[in-house]
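Breakdown of the fold
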Amino acid sequence: MQALCLIILATIGVAQGGYAPKESPKLPDGFCPKETGTATATTGECMCDWQHKDGCVGSGCQYQYGLSFYHYSCKDCKCVAKP
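If you're wondering where the values come from, they're calculated on a predicted model, not measured in any experiment.

The next subject is the environment of His52. Here His52 shows up in the loop between strand S2 (45-48) and strand S3 (56-57). With sequence-adjacent residues up to four places away left out, His52 is seen in contact with Tyr63 and Ser68.

Strand order in this open sheet of 4 strands is S1-S2-S5-S4, and the pairing throughout is antiparallel. A strand with exactly one partner marks an edge of an open sheet, and here the two such strands are strand S1 (37-39) and strand S4 (62-64). Looking at each pair of strands side by side, their axes are set apart by 30° on average, direction ignored. In terms of strand pairing, S1 meets S2 through 3 bridges, oriented antiparallel. Bridge pairing in S2 links Gly37 to Cys48.

A complete count under the given rule lists 4 disulfides for this structure. A sulfur-sulfur separation of 2.1 Å characterises the disulfide bridge that pairs Cys48 with Cys79. Because the torsion about its S-S bond is -80°, the bridge between Cys48 and Cys79 counts as left-handed. Here Cys79 lies in strand S6 (residues 78-79) and Cys48 lies in strand S2, a separation of 31 residues in the sequence. Judged on exposure class, the residue Cys48 and its partner Cys79 are both buried.

Remark: a regular strand shows side chains that alternate across the two faces of the sheet. The alternating pattern of S2 places Cys46 and Cys48 on a buried face and Glu45 and Met47 on a face that is not buried. The loop that links S1 with its antiparallel partner S2 comprises 5 residues; one of these, Gly44, has a positive phi angle of about 70°. Two elements, S2 and strand S5 (residues 67-71), share 3 bridges in a ladder whose sense is antiparallel. Following the sheet pairing, Glu45 is matched in S5 by His71.

A word on the packing of aromatic side chains. This structure, assessed with the given rule, holds 1 aromatic pair. Ring geometry for Phe31 and Tyr70: centres 5.6 Å apart, planes at 75°, overall edge-to-face. Of the two residues, Phe31 is situated in the loop between helix H1 (2-16) and S1 and Tyr70 in strand S5; the sequence distance between them amounts to 39 residues. According to the relative accessible area criterion, Phe31 is buried, its value standing at 15%.

What counts and how
The numbering scheme is per chain: residues are counted from 1 as the chain's sequence reads. In view of the model being predicted, local features appear only for residues whose pLDDT reaches at least 70, and side-chain atom pairs are presented and counted only at 80 or more, with totals across whole chains, interfaces and linings using the full set of residues. No hydrogens and no water enter the side-chain calculation; it runs on all heavy atoms of the structure. Helix and strand assignments come from DSSP, with helices taken as H or I runs of at least 4 residues and strands as E runs of at least 2, each series counted from the N terminus. Any two residues whose heavy atoms approach within 4.5 Å at even a single point are treated as in contact. Two strands are said to pair when DSSP picks up at least two bridges between them. The axes are straight lines fitted to the C-alpha atoms, using for helices just the contacting stretch, and the angles between their N-to-C directions are given from 0 to 180°. Cysteine sulfurs are considered disulfide-paired once they come within 2.5 Å of each other. Residue exposure (1.4 Å probe, protein chains only): buried if accessible area is under 20% of the type maximum, exposed if over 50%, otherwise partly exposed. Only rings of Phe, Tyr and Trp enter the pairing, Trp through its six-membered ring, and a pair is recorded when the two centres are within 6.5 Å. The plane angle decides the type: under 30 degrees is stacked, over 60 is edge-to-face, the rest tilted.

Dropping the structure here:
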């Protein structure tokens, strides 16, 4: 019985961990220009319009599940215009 309760509590904690924050972070001026990307509403990320591994340049760029993006904390990241 104790093991079942522990499994249920662990599952709830993992499921809750995937939600986006309720409040958006304060984004720096000039973050994610509309010409090349779209800023997310709650996570402080810039989703690049060109969804390609070369759609973002900088030290913190990520390319996952076919999406090119970066977090506002990356000072040298930027989206690249679609060729």
